[in-house]
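A look at the structure
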Amino acid sequence: MWNRCGGARGAPAARRCQTGSISTVETAAQSYTSRDASVQTEQSKDALYDFQQRVQVDYAGLLAFLQRVEDTVIKELKKNWESRAFDGFEVSWTDQNETVLCLHTLSYPEAQDQNLQVTSVSWNATGSVVACSYGRFDGGDWSTEKSYICTWNLDRRGLNPKHPDLVVDVPSSVMCLAFHPSQPSLIAGGLFSGELVVWDTSRTEDPVILRTGMTDDTHTDPVYQVNWLPDAKHRNQSRLLSVSTDGKILVWREERDGRLVLAEGFALVAQQIPRSSWLKRVACGEAAVGVTSLSFSHFDPRLFVVGVEGGYSLQCCTAAVTPALHRTGSSVPLRAPAELAFSPHGGPVYSVSCSPFHRNLFLSCGTDGQVHLHSMLQTQPLVSLQLSKKYLFCVRWSPVRPLVFAAASGEGEVHLFDLQRSSQKPAVSMKQTAGEHPVYCLEFNMKQTHLLAAGDATGAIKVWQLSSDFTEQRPREVAHLQQLASESTD
């Protein structure tokens, strides 16, 4: 009984012991940053006096030394000032690139499906947008076959090389185009039908803002080149110049109703072409001389060079006053601009280009596969280069290297020439197309001078990134060009 009671009382009761739940939270610990601060103490006057006492400047000896070396230093400084060792040298703050690379291959699949060719390329005033025209150089029915103008902004994020930023449908093949030199959205084009059209690429709904229409003044043959010219009477306006194989070079002005009307014009007639011994085979009479290309002098705005179907180049002047012997009707009198005929190619001339670094030099190329370097002071070429077994369709001087030019070949290559390296073979030849499809056009970028665009018969435009060898002017390069121009072959 005791044991039971004692056991009942003395033994501890069996219970579950439960403590409260412990919650934990992780907190980021932020430590204080430490910083070294310079401490500047005032210099003791005694220490400063002791330092000055230890440093003794021999002013008399320094003066004697400067007087002794003065003549030598002035002589060397004068020698450096008069030296031309670094003429044309500019510091480049961009990374140097030693190779030529293809940055972009642009195309419009719908135009390629129609087997249309890239007939012209142009960079806009900012250098960020490239445009191309689609058409045909191998014939076609201009009255029924439509073509296109396409643009790509290379600075745009997410650039789609097969999806142009803008596509403009054109009812006739576009043979040439040119962006306005200062208004980035304006672009002019010449059509197979002989018309001129100006588009505003900022207007996606109806981009046509100016056109010639089909009038008695309109070209009767395809327009193969169009240029923007400054308007001497109206500073804020420009005029358009067009050339055609109908033999006419026409200058157009803008009317408020959206029309381009003829302001002045020139005509090349066989009878008025300057004669020389090697030009006897040119037909005489009043037959029109078909113009294929034109380039203005960078030094004299009145002077220009044209290439013609007869295989020769002509020096011309806008100040000409002699009436042209041209029978077709025109709303303004046409003048005869030709002043000098140069030694011919073996076939039609397709492209001419005046040097931006020398007032007398220009290049020409044509169906004989040759590039001629000419001086306007003599009829015979300074240099003749055989670049292709087929046609050469385009030649352009570099805007930054006086001795560099590019040429587009019928064998599907873009040739880069550096006359400082060699006057006989290209420095670099880039394969533009897989087969031997012709490269019809090319243009250097005037703003981003490391870029070169070229268009070909497959309907593609390749944007080439040039190496620093072709974009950085070398010492005495201008002097070398002047020496080349002074050579005489007559």
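For the structure given in this document, a descriptive report is provided here.

Rules behind the numbers
- Residues numbered from 1 in each chain as written.
- Predicted model: local features only at pLDDT ≥ 70, side-chain atom pairs only at ≥ 80, totals over all residues.
- Heavy atoms only, no water.
- Helix = DSSP H or I, 4+ residues; strand = E, 2+ residues; numbered from the N terminus.
- Buried < 20%, exposed > 50% of the residue type's maximum accessible area, 1.4 Å probe, protein only.
- Polar contact = N/O pair within 3.5 Å; in protein donor to acceptor, adjacent residues only side chain to side chain.
- Phe/Tyr/Trp six-rings, centres within 6.5 Å; stacked < 30°, edge-to-face > 60°.
- Pairing = 2+ DSSP bridges.
- Axes fitted to C-alpha atoms, helices over the stretch in contact; angles between N-to-C directions.
- Core = buried A, V, L, I, M, F, W, Y, C linked by side-chain atoms within 4.5 Å.
- Arc of directions from axis to C-beta.
- Contact = heavy atoms within 4.5 Å.
- Patch = residues over 30% accessible without salt bridge, like charges linked within 9 Å, V, L, I, M, F, W, Y side chains within 5 Å.
- Areas by Shrake-Rupley, 256 points an atom, 1.4 Å probe, with all protein chains shown as cover.
- Salt bridge = Lys/Arg side-chain N within 4 Å of Asp/Glu carboxyl O.

Here's the deal with the side chain of serine 351
Position of serine 351 relative to the elements: it lies in strand β19 (residues 349-354). Given a relative accessible area of 3%, serine 351 falls into the buried group. In terms of polar contacts, serine 351 uses its side chain to reach the side chain of arginine 396, at 3.1 Å.

Let's talk about the packing of aromatic side chains
Under the counting rule described, the total for this entry stands at 11 aromatic pairs. On the basis of an interplanar angle of 75° and a centroid distance of 6.0 Å, the ring pair of tryptophan 397 and phenylalanine 405 is categorised as edge-to-face. Take phenylalanine 405: its relative accessible area is 1%, and that puts it in the buried class.

Considerations on the sheet that holds strand β7 (residues 186-191)
The four strands are arranged β6-β7-β8-β9 in an open sheet whose pairing can be described as antiparallel. Only two strands of the sheet have a single partner each, and these edge strands are β6 (174-179) and β9 (208-211). The mean inter-strand angle of the sheet, taken between neighbouring strand axes irrespective of direction, is 25°. As defined by bridge partners, strand β8 (residues 196-200) adjoins β9 across three bridges and the pair is classed as antiparallel. Bridge pairing links valine 198 to leucine 210 in β9.

Some points on the sheet that holds strand β4 (residues 147-153)
What the four strands build is an open sheet, ordered β2-β3-β4-β5; its pairing is antiparallel. In this open sheet, the two edge strands, each paired with only one partner strand, are β2 (117-123) and β5 (166-170). With strand direction ignored, the average angle separating the axes of adjacent strands in the sheet is 20°. Bridging between strand β3 (residues 129-135) and β4 involves five bridges; their strand directions are antiparallel. Pairing of valine 130 across the sheet is with tryptophan 152, part of β4.

What to know about the nonpolar core
Core analysis: the biggest nonpolar cluster contains 21 residues, and Leu241, Ile249, Leu268, Ile273, Leu294, Val306 and Leu314 have the highest contact counts within it. Elements that contribute at least two residues to this core include exactly β11 (238-244), β12 (248-254), β14 (291-296), β15 (303-308), β16 (313-317) and β18 (338-341). Counting residues in hydrophobic clusters, the runner-up holds 20 residues, among them Leu363, Leu387, Leu403 and Ala485.

Some thoughts on helix α5 (residues 477-485)
Residues of α5 that are buried: Glu477, Leu481, Leu484 and Ala485. Summarising the axial view, the buried residues of α5 lie within an arc of 100°, below the 170-degree limit, and thus occupy one face. Looking at the packing, one finds that the buried side of α5 touches β20 (361-366), β21 (370-375) and β23 (392-397).

Things to note about a nonpolar patch on the surface
A contiguous nonpolar surface patch, about 270 Å² in accessible area, is contributed by Leu62, Phe65 and Leu66. Its place among the elements puts leucine 62 in helix α3 (residues 59-82).

Let's talk about the pairing of β8
Summarising burial for β8: five of the five residues are buried, a large majority. Neither face of β8 is exposed, since Leu196, Val198 and Asp200 on one face and Val197 and Trp199 on the opposite face are all buried. Alignment of β7 against β8, held across five bridges, turns out to be antiparallel. Across the sheet, glycine 189 pairs through a bridge with valine 197, a residue of β8. Where β7 hands over to β8, the hairpin turn is made up of four residues, of which glycine 194 adopts a positive phi near 100°.

Bear in mind that shape data such as this cannot, by itself, settle questions of function.
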